[in-house]
Amino acid sequence: STQSTGTFMMFQWLLAALSLGLLPSTAEIKVGLLAHHNPSAWSGNCTQSDSDLIACNLEIYQEAVVQAAAVGSQMLLFPEAYGLARLTRDATFERLLPAGITPCDTASPAVAPQQHTLSCLAREHHMMLVTNLFVQLTNGTKRITSVVYDNEGAVVVAYSKHHLFFSETLAGIQPGPFAPTSFSAFNHTWGLVICYEGFYPYVSGDYAQMDALVAAGADRFLWAIGGLVPVNKMGAGYTSKYHVSLAATQDATMGFLATSAVLGPNSVPQNYTDYPLHVSGYSGSGFLRTTEWPSMQL
């Protein structure tokens, strides 16, 4: 019949369009989180200086990337900058490198060890890395900044935390401008949220940052946390309010409220798999958590 012929032709067109990349793929993408990492759980020389601690924690970050690549992850989210370094008034912060460059090529590992190492890991393992660092601007301003690297190690975007916790202000950190920031990858727009920024709307009633992210097209939130945030409860509030998916991870420095969260729209928990991380001298219980999401929200 004419109707059957039309249906068959439409089916053939859809198959051809998918094969040619003319339609968004619904294939799953795998996202990883560095979860339950205790950045102080080191023996030996790791805690003798800030630079030693950063170097050791970069080893855990590297092991997480290696494991994530081995199981097919395409993106890896790290916790807030406390996962790498201590926050003190006397700490030496790396100079923030601009978006568009590839620190693996342009930054000296002696001057910017965190940005150089993370950029090189992204390139070597062909994986997007969503990182967070304590950084310093050229004018000396200190900030807490999320830096996203593409799978060739280039800086896609850098976003500085706007809503600070009081202890961060006391340590000399300055807030970034109100500039809700997202980036596009894998047929999605990913909104960046840093620690207290996800807590702030619950205590202030001000959802302007989240509203702006969604207005800009964000359908997934990536929440990097220092610790002590009930992420499943608060994350569920965002996934229900905005019909977004959410991945969140935080440190285990305090030993409690160190959970991570992977939620679909309307607070639907996503299946995940955990992989232990082992590095010599590390006594923490950090692990890699991976989840699979459709690359097109259905």
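Please refer to the structure higher up on the page.
So, here's what we can say about the structure. If you're wondering where the values come from, they're calculated on a predicted model, not measured in any experiment.

Cut-offs used in this document
- Residues numbered from 1 in each chain as written.
- Predicted model: local features only at pLDDT ≥ 70, side-chain atom pairs only at ≥ 80, totals over all residues.
- Heavy atoms only, no water.
- Helix = DSSP H or I, 4+ residues; strand = E, 2+ residues; numbered from the N terminus.
- Buried < 20%, exposed > 50% of the residue type's maximum accessible area, 1.4 Å probe, protein only.
- Contact = heavy atoms within 4.5 Å.
- Areas by Shrake-Rupley, 256 points an atom, 1.4 Å probe, with all protein chains shown as cover.
- Pairing = 2+ DSSP bridges.
- Axes fitted to C-alpha atoms, helices over the stretch in contact; angles between N-to-C directions.
- Core = buried A, V, L, I, M, F, W, Y, C linked by side-chain atoms within 4.5 Å.
- Phe/Tyr/Trp six-rings, centres within 6.5 Å; stacked < 30°, edge-to-face > 60°.
- Lys NZ or Arg CZ within 6 Å of the ring centre and 35° of its normal.
- Polar contact = N/O pair within 3.5 Å; in protein donor to acceptor, adjacent residues only side chain to side chain.
- Parallel < 35°, antiparallel > 145°, perpendicular 65-115°, else oblique.
- Left-handed = near helix turned anticlockwise from the far one by under 90°.
- Nonpolar A, V, L, I, M, F, W, Y, C, P; charged D, E, K, R; others polar.
- Expected span 1.5 Å × (residues − 1).

**Side note on the overall build of the protein chain**
- Of regular secondary structure, the protein chain possesses eight helices and 13 strands.
- Counting across all 298 residues of the protein chain, residues that qualify as buried make up 50%.
- Put simply, of all contacts in the protein chain between residues at least 6 apart along the chain, 65% involve residues at least 24 apart.
- Carbon together with sulfur atoms contributes 57% to the accessible area of the protein chain, which is approximately 13,000 Å² in total.

**With respect to the sheet that holds strand β8 (residues 188–194)**
- Across the sheet, five strands lie side by side as β7-β8-β9-β10-β11; this open sheet has mixed pairing. Every other strand in the sheet has two partners, leaving β7 (182–185) and β11 (261–263) as the edge strands with one partner each. Direction aside, the axes of adjacent strands within the sheet are offset by 20° on average.
- For β7 and β8, the ladder comprises four bridges, and the chain directions are antiparallel. Across the sheet, F183 pairs through a bridge with W190, a residue of β8.
- Sitting on the sheet, helix α6 (residues 196–204) is in contact with β8 and β9 (220–225), with an inclination near 80° to β8.

**Things to note about the nonpolar core**
- Core analysis: the largest hydrophobic core is formed by 76 residues, its most contacted members being L76, L129, F183, W190, F221, L222 and W223.
- Examining the composition of this core, we find that nine residues originate from one element, helix α2 (residues 50–70), more than from any other.
- Residues contacting L129, with those up to four places away along its chain left out, are V65, L76, F78, L118, L121, A122, V147, V148 and Y149.

**Regarding the pairing of strand β13 (residues 287–294)**
- Burial of β13 is extensive: six of the eight residues sit out of reach of the surface.
- One ladder, built from eight bridges, connects strand β1 (residues 28–35) with β13; its direction is antiparallel. Counterpart to G32 in the pairing with β13 is T290.

**Let's talk about the packing of aromatic side chains**
- For the structure shown, the criterion picks out 16 aromatic pairs.
- Sitting over the face of the ring of F93, K142 holds its NZ or CZ atom 4.9 Å from the ring centroid.

**Description of the environment of D211**
- Looking at the secondary structure, you find D211 in helix α7 (residues 208–215).
- The class of D211 is partly exposed, set by a relative accessible area of 39%.
- Spatially, the C-alpha atom of D211 lies 9.2 Å from that of P180, the residues being 31 residues apart in sequence.

**Some words on the side chain of S160**
- In this fold, S160 is placed in strand β6 (residues 155–160).
- A polar contact of 2.8 Å, which involves the side chain of S160, links it to the side chain of T145.
- If we ignore the near neighbours within four places in the chain, the residues touching S160 are R143, I144, T145, G176, P177 and I194.

**Focus: the packing of α2 against helix α4 (residues 113–124)**
- Between α2 and α4, the shortest axis-to-axis distance is 11 Å and the interhelical angle comes to 15°. Classed by the angle they form, the pair α2 and α4 counts as roughly parallel. Relative to α4, the crossing made by α2 is right-handed. In this structure, α2 uses I54, L58, Y61, Q62 and V65 to contact α4, whose residues at the interface are P113, Q114, T117, L118 and L121.

**Remarks on the environment of S40**
- Mapped onto the elements, S40 comes out in the loop between β1 and α2.
- For the pair S40 and N57, spaced 17 residues apart in the sequence, the C-alpha separation amounts to 8.6 Å.

**A closer look at the packing of α6 against helix α8 (residues 231–242)**
- One way to put it is that α6 packs onto α8 with a least axis distance of 11 Å and a crossing angle of 75°. Relative to α8, the element α6 lies roughly perpendicular. Each of E197, G198, F199, P201 and Y202 in α6 lies in contact with α8, whose residues at this interface are K233, M234, G237 and Y238.
- Within the contact of α6 with α8, the residues separate by chemical class into five nonpolar, two polar and two charged.

**Some details on the pairing of strand β5 (residues 142–149)**
- Here β5 lies mainly inside the structure; eight of its eight residues are buried.
- Residues K142, I144, S146 and V148 point to one face of β5 and R143, T145, V147 and Y149 to the other, with burial holding for every one of them.
- Summarising the sheet, strand β4 (residues 128–136) and β5 pair through eight bridges and their orientation is antiparallel. Counterpart to V135 in the pairing with β5 is R143.

**Re α2**
- Between its first and last C-alpha, α2 extends 30 Å over 21 residues, near the 30 Å set by a 1.5 Å rise per residue.
- All of the buried residues in α2 are L53, I54, C56, N57, L58, I60, Y61, A64, V65 and A68.
- In this structure, the buried residues of α2 make contact with β1, β2 (75–77), α4, β4 and β13.
- G72 sits one or two positions beyond α2 and adopts a positive phi of about 90°.

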